[in-house]
Amino acid sequence: MSFVKRFERNTVGRDFAVGDIHGHFTALQNRLAQIGFNRDVDRLFSVGDLVDRGPESDNALEWIDLPWFHAVRGNHEDMAIRWPSGNMDSAHYAANGGGWNVSNPRYLQLAFSGAFDALPIAMEVETEAGLVGIVHADCPFPTWRDFTVSIDDSNLSNKMRKAIFEAALWSRERIQDEDRSGVAGIRALIVGHTPLKNPAVLGNVHYIDTGGWFRDGYFTLIDLSTLETIPPIPGKLDWAA
Ligand SMILES: [Mn+2]
């Protein structure tokens, strides 16, 4: 099994990515309706964090089965994967929005764990202007190729793979440092994880989590061909977390 999922160019419709959803699938659905999303030809790529905090986390299982919806694993999926193994603190998990899953029956906890464990860590989408990468939090390597080759390297120690996954799903280093060095070997990298008031770009790394799950937030959609966001980027890096 590969931790990188690759997608051919969409020659018949549009490709969009959306930030963290956190159990707000109805709001997302409304956003898609606003932009005239056509589920027969368009595709929607998710940066992960489908669950926790919002009221509709249970819907994540149906969404990841939709033929036009494709998600990478976020740190909240990571918690749902680990939950049935019993080595996570329930108070900590609930404080992070996982209460819905703590109270789920065991068979459902296992269903979520198994389904999320099958999600890729990274996706790459071919567009007319080049390859676009998607990961939840960050690419912890200077080049996209080093990252995608490393996570699929069968000789990698479990410890090293765990460290790379941890950074890919949880790191906020790049944005905290306002590091504009970018990721080489890819046209653009799309990430979520860090809620911002407005979408932002650092080098070629696009931050699109504008807290569609949060009371003052909204869902930003980015067109993977044009890299334009809806709504547009106001220019300045501005983050709320
Ligand atoms: Mn996250």
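Small disclaimer: the values here were computed from a predicted structure and weren't measured.

Novice: How should the sheet that holds strand S3 (residues 43–46) be read in this particular structure?
Specialist: Strand pairing in a sheet relies on backbone hydrogen bonds. The paired strands run either parallel or antiparallel. Taken together, the five strands give an open sheet; going across it, the order is S4-S3-S2-S10-S11, and neighbouring strands pair in mixed fashion. Unpaired on one side and paired on the other, strand S4 (69–71) and strand S11 (229–230) mark the two borders of the sheet. By the bridge criterion, three bridges tie strand S2 (residues 15–18) to strand S10 (residues 221–223) in an arrangement that is antiparallel. The residue of S10 that forms the bridge with Val18 is Leu221.

Novice: I tried to follow the sheet that holds strand S1 (residues 4–7) on my own but got confused; where do I start?
Specialist: Pairing is mixed across the open sheet formed by six strands, whose spatial order is S1-S5-S6-S7-S9-S8. The open sheet has two edge strands, S1 and strand S8 (200–202), and neither has a second partner. On average, adjacent strands in this sheet sit at an angle of 20 degrees to one another, irrespective of strand direction. In the sheet, S1 pairs with strand S5 (residues 122–127) via four bridges, with the strands oriented parallel. By the bridge assignment, Val4 is partnered in S5 with Ala122. Packing against the sheet, helix H6 (residues 144–151) makes contact with S1, S5, strand S6 (130–135) and strand S7 (188–191), and its axis sits at approximately 130 degrees to S5.

Novice: Got a minute to help me understand the coordination of the manganese ion in this structure?
Specialist: As a benchmark, a tetrahedral metal site with four donors has ideal angles of 109.5 degrees, while an octahedral site with six donors has ideal angles of 90 or 180 degrees. Only Asp49 (OD), Asn75 (OD1), His136 (NE2) and His193 (ND1) from the protein coordinate the manganese ion, and they sit 2.1 to 2.3 Å from it. Along the chain, the residues donating to the manganese ion fall in the pattern D-x25-N-x60-H-x56-H. Of this pair, Asp49 sits in the loop between S3 and helix H2 (60–63) while Asn75 sits in helix H3 (residues 75–82), and the two are 26 residues apart along the sequence. Summarising the burial analysis for this pair, Asp49 and Asn75 share the class buried.

Novice: Before we go on, may I ask you to explain the side chain of His70 in this structure?
Specialist: Tracing the chain through its elements places His70 in strand S4. Here the side chain of His70 touches Pro67 through a polar contact of 3.3 Å, landing on its backbone oxygen.

Novice: I would appreciate a short explanation of the UniProt feature "domain: Serine/threonine specific protein phosphatases" (unreviewed entry) in the chain in the present structure.
Specialist: In the UniProt entry, the feature "domain: Serine/threonine specific protein phosphatases" (unreviewed entry) is given for residues 72–77. As a span, residues 72–77 carries 50% helix and 0% strand, and end to end its C-alpha atoms are 9 Å apart.

Novice: Honestly, helix H7 (residues 158–170) in this entry has me stumped. Any pointers?
Specialist: Helical geometry note: an α-helix holds 3.6 residues per turn, so side chains three or four residues apart project in the same direction. Over its 13 residues, H7 extends 18 Å from the first C-alpha to the last, a length consistent with the 18 Å expected when each residue adds 1.5 Å. Listed in full, the buried residues belonging to H7 are Arg161, Ile164, Phe165, Ala168 and Leu169. Considered in projection along H7, the buried side chains sweep an arc of 125 degrees and stay on one side of the axis. Along H7, exposed side chains directed more than 90 degrees from the buried face belong to Lys159 and Lys162. Taken together, the buried residues of H7 touch H3, S6 and H6.

Novice: What am I meant to see in the side chain of His193 here?
Specialist: By the element assignment, His193 lies in the loop between S7 and S8. With a relative accessible area of 5%, His193 lands in the buried category. Polar side-chain contacts of His193 include one of 3.0 Å to the backbone oxygen of Trp170. Ignoring sequence-local partners within four residues, the contact set of His193 consists of Asp20, Asp49, Asn75, His136, Ala137, Leu169, Trp170, Ser171, Arg172 and Asp209.

Novice: Is there a simple way to explain the nonpolar core in this structure?
Specialist: Formed by 29 residues in total, the largest nonpolar core has its most connected members in Ile21, Leu28, Leu32, Leu44, Leu50, Phe69 and Phe116. Of all the elements in the fold, those that place two or more residues in this core are S2, helix H1 (25–34), H2, S4, H3, helix H4 (90–102) and helix H5 (106–117). Among the nonpolar cores identified, the runner-up in size contains 25 residues, and Cys139, Phe147, Val191 and Val205 belong to it.

Novice: How should I be thinking about the pairing of S3 in this particular structure?
Specialist: Two faces belong to every sheet, and in a regular strand the side chains alternate between them. Alternating residues of S3 divide into Arg43 and Phe45 and Leu44 and Ser46, and every residue in both groups is buried. Note that S2 and S3 share four bridges and pair parallel. Its bridge partner lying in S3, Val18 is registered against Ser46. For the segment spanning S2, H1 and S3, crossover handedness is right-handed.

Conventions used here
- Residues numbered from 1 in each chain as written.
- Predicted model: local features only at pLDDT ≥ 70, side-chain atom pairs only at ≥ 80, totals over all residues.
- Heavy atoms only, no water.
- Pairing = 2+ DSSP bridges.
- Helix = DSSP H or I, 4+ residues; strand = E, 2+ residues; numbered from the N terminus.
- Axes fitted to C-alpha atoms, helices over the stretch in contact; angles between N-to-C directions.
- Contact = heavy atoms within 4.5 Å.
- Donors = N, O, S within 2.8 Å, 3.2 Å for Na, K, Ca; no water.
- Buried < 20%, exposed > 50% of the residue type's maximum accessible area, 1.4 Å probe, protein only.
- Polar contact = N/O pair within 3.5 Å; in protein donor to acceptor, adjacent residues only side chain to side chain.
- UniProt positions renumbered as here; feature names shortened; annotations may be inferred.
- Expected span 1.5 Å × (residues − 1).
- Arc of directions from axis to C-beta.
- Core = buried A, V, L, I, M, F, W, Y, C linked by side-chain atoms within 4.5 Å.
- Right-handed = clockwise from strand over helix to strand, strands pointing away.

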